[in-house]
Amino acid sequence: MCFRERNVPSFLAAEPARPVAELKRLAGKSALITGASTGIGRASALRFAREGAKLIVADLREEEGESLCREIEQGGGHAFYVRTDVASRADNERAIDCCVKRYGAIDILFCNAGITLAKLLPDSSDAEIEHLLGVNLLGVIHAARAAIPPMLAQPRGGTMLFTASKTGLVAQTDSPVYCASKGAVVMLAKSLALDYATRGIRVNALCPGIIETPMLREFAATRSDPDAAWRSYEAAQPIGRLGTPEECADAALWLVSDEARFITGVALPVDGGFTAM
Ligand SMILES: NC(=O)c1ccc[n+]([C@@H]2O[C@H](COP(=O)([O-])OP(=O)(O)OC[C@H]3O[C@@H](n4cnc5c(N)ncnc54)[C@H](O)[C@@H]3O)[C@@H](O)[C@H]2O)c1
């Protein structure tokens, strides 16, 4: 018997068994993910698509974004790439508009795009500071501002998730502007959660610890001894290893799914215990 056709046994007498296909957690939902071409965003796009979401992949990296969409479509899902620089208000508006026109709604906005700046403050140029804040903070503000009106207009509301960082909760050395941007994203999520709590929009932040992604490899490469830096990252988390993009995607999926319908205004560490110290 095909797995999809089989009925899931119900453990509650009052709840009739449902086909597995109906249990997809994002079935019938549309989701826009920024920074979806690589790392945590890519893993989340694949996870959300497997759970039935129709996706807009919004990223600067065209080749990787298009290739991810092909992979999802070939697997029977729906995904459309929109070249987006999140630092641009117009690009964010265009991507959200595309989601609404293509799928009829924007149910999930996952603002995940981000960059790092591993420099002490006096060594950081105006251009570097403005670029980082433009991507990591203004990028989220632009996207959220554009998504709120359509989400309010949809009878089923919507949910937003912002990728902050453990550095939005506890500071780290050598990255003051990055830490400041992530702390601001945490407070943006909490503020918006309060503003829209009774109006059908949930807003949460995801706070990854040290996750093995292209960003981390680029960051390690800026250190004087990249191998030693890598070993120190692995040792830094109480769980004793780096996190994976898929582990972040699992947490993201839960936060945007209806299973988290009573959860708003949280900043969830996905950090192997780092912020418990
Ligand atoms: N990897 C970690 O250890 C770690 C830890 C904490 C938080 N984070 C956060 O997780 C998020 C994802 O990072 P990642 O580790 O997967 O890195 P990554 O470099 O693999 O992914 C970042 C993605 O953002 C995209 N991007 C960058 N600038 C953009 C722009 N201006 N417009 C649109 N897209 C843009 C990139 O093309 C890429 O697809 C970031 O917000 C990052 O700050 C990562």
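Use the structure listed above.
Residues numbered from 1 in each chain as written. Predicted model: local features only at pLDDT ≥ 70, side-chain atom pairs only at ≥ 80, totals over all residues. Heavy atoms only, no water.

A. Seen up close, the overall build of the protein chain. Scanning the protein chain from N- to C-terminus turns up 8 helices and 7 strands. For the protein chain, the C-alpha radius of gyration of 19 Å lies close to 19 Å, the compact-globule estimate for 277 residues. Along the first, second and third principal axes, the C-alpha atoms of the protein chain reach 60 × 40 × 40 Å. Looking at the 277 residues of the protein chain, the share that counts as buried comes to 47%. Partitioning the contacts of the protein chain with sequence separation of at least 6, the portion at a separation of at least 24 is 67%. When the accessible surface of the protein chain is totalled, it reaches about 13,600 Å², and 56% of it is carbon and sulfur. Considering the protein chain, the positive charge centre built from 30 side chains and the negative charge centre built from 33 side chains are found 6 Å apart. (Helix = DSSP H or I, 4+ residues; strand = E, 2+ residues; numbered from the N terminus. Rg over C-alpha atoms; globule rule 2.2 N^0.38 Å. Buried < 20%, exposed > 50% of the residue type's maximum accessible area, 1.4 Å probe, protein only. Contact = heavy atoms within 4.5 Å. Areas by Shrake-Rupley, 256 points an atom, 1.4 Å probe, with all protein chains shown as cover. Lys, Arg positive; Asp, Glu negative; His and termini not counted. Charge placed at Lys NZ, Arg CZ, Asp CG, Glu CD.)

B. Helix α6 (residues 214-221), seen in detail. Inspection of α6 places L216, F219 and A220 among the buried residues, and these make up the whole buried set. The buried side chains of α6 occupy one side of the element, clustering within an arc of 100 degrees when seen end-on. At its buried positions, α6 is contacted by α7 (226-236). (Arc of directions from axis to C-beta.)

C. View of the sheet that holds strand β6 (residues 201-208). Read from one edge to the other, the open sheet built from 7 strands follows the order β3-β2-β1-β4-β5-β6-β7, with strand pairing classed as parallel. Across the chains shown, the open sheet's two edge strands, defined by having one partner strand only, are β3 (78-83) and β7 (267-270). Strand after strand, the sheet turns through a mean of 20 degrees between neighbouring axes, direction not considered. Sheet analysis places strand β4 (residues 108-111) next to strand β5 (residues 158-163), joined by 4 bridges and oriented parallel. Along β5, the bridge assignment pairs L109 with M160. Against the sheet, helix α1 (residues 39-50) touches β1 (30-34), β2 (54-59), β4 and β6, its axis set at about 170 degrees to β1. Those strands touched by helix α5 (residues 176-195) are β5, β6 and β7, and its axis lies near 160 degrees from that of β6. (Pairing = 2+ DSSP bridges. Axes fitted to C-alpha atoms, helices over the stretch in contact; angles between N-to-C directions.)

D. Highlighting the site of the ligand. Taken together, 28 residues lie around the ligand, and T38, I40, D59, Y178 and T213 are the ones closest in. I40 places a main-chain nitrogen or oxygen 2.8 Å from an oxygen atom of the ligand. Here an oxygen atom of the ligand and a backbone polar atom of G209 are 3.4 Å apart. Of all the secondary structure elements, the ones that give two or more residues to the shell around the ligand are α1, α5 and α6. Split by residue class, the shell around the ligand holds 13 nonpolar, 11 polar and 4 charged. (Near = heavy atom within 4 Å. Polar contact = N/O pair within 3.5 Å; in protein donor to acceptor, adjacent residues only side chain to side chain. Nonpolar A, V, L, I, M, F, W, Y, C, P; charged D, E, K, R; others polar.)

E. Representation of the nonpolar core within the structure. Grouped together as the largest cluster of nonpolar side chains are 35 residues, with contacts concentrated most on L32, I96, L109, M160, F162, L192 and V203. Listing elements by their share of this core, those giving two or more residues are β2, α3 (89-103), β4, α4 (126-153), β5, α5 and β6. Per-element accounting of this core gives the leading share, 8 residues, to α4. Residues within four places of V203 in sequence aside, it is in contact with M160, F162, A189, L192, A193, T264, G265 and V266. In terms of nonpolar packing, the next biggest core, distinct from the first, is built from 28 residues, I40, A45, A252 and V270 among them. (Core = buried A, V, L, I, M, F, W, Y, C linked by side-chain atoms within 4.5 Å.)

F. Layout of the packing of α1 against helix α8 (residues 245-256). Where α1 contacts α8, the axes come no closer than 8 Å and their chain directions differ by 55 degrees. As the angle between them shows, α1 and α8 are arranged oblique. Handedness of the crossing formed by α1 with α8: right-handed. Facing G39, I40, A43, S44, R47 and F48 of α1, the residues of α8 in contact are P245, E246, C248, A249, D250, A252, L253 and V256. Residues belonging to the contact of α1 with α8 are distributed by class as follows: 9 nonpolar, 2 polar and 3 charged. (Parallel < 35°, antiparallel > 145°, perpendicular 65-115°, else oblique. Left-handed = near helix turned anticlockwise from the far one by under 90°.)

G. Here's a closer look at the pairing of β2. In terms of burial, β2 is a largely internal element, 5 of the 6 residues being buried. As judged from the 5 bridges shared by β1 and β2, these two strands associate in the parallel manner. In the strand pairing of β2, A31 is matched with L55. Of the pairings in the sheet, the one linking β2 to β3 comprises 6 bridges and is parallel in character. Paired with K54 across the bridge in β3 is H78. For the segment spanning β2, helix α2 (residues 62-74) and β3, crossover handedness is right-handed. (Right-handed = clockwise from strand over helix to strand, strands pointing away.)

H. Region of the structure containing the environment of S165. Its location among the elements puts S165 in the loop between β5 and α5. C-alpha of S165 to C-alpha of L68: the two residues are 97 residues apart in sequence and 24 Å apart in space. Excluding its chain neighbours within four sequence positions, the residues that come into contact with S165 are Y178, K182, L206, C207 and P208. Looking at S165, its side chain comes within polar contact range of the side chain of T167, at 2.8 Å.

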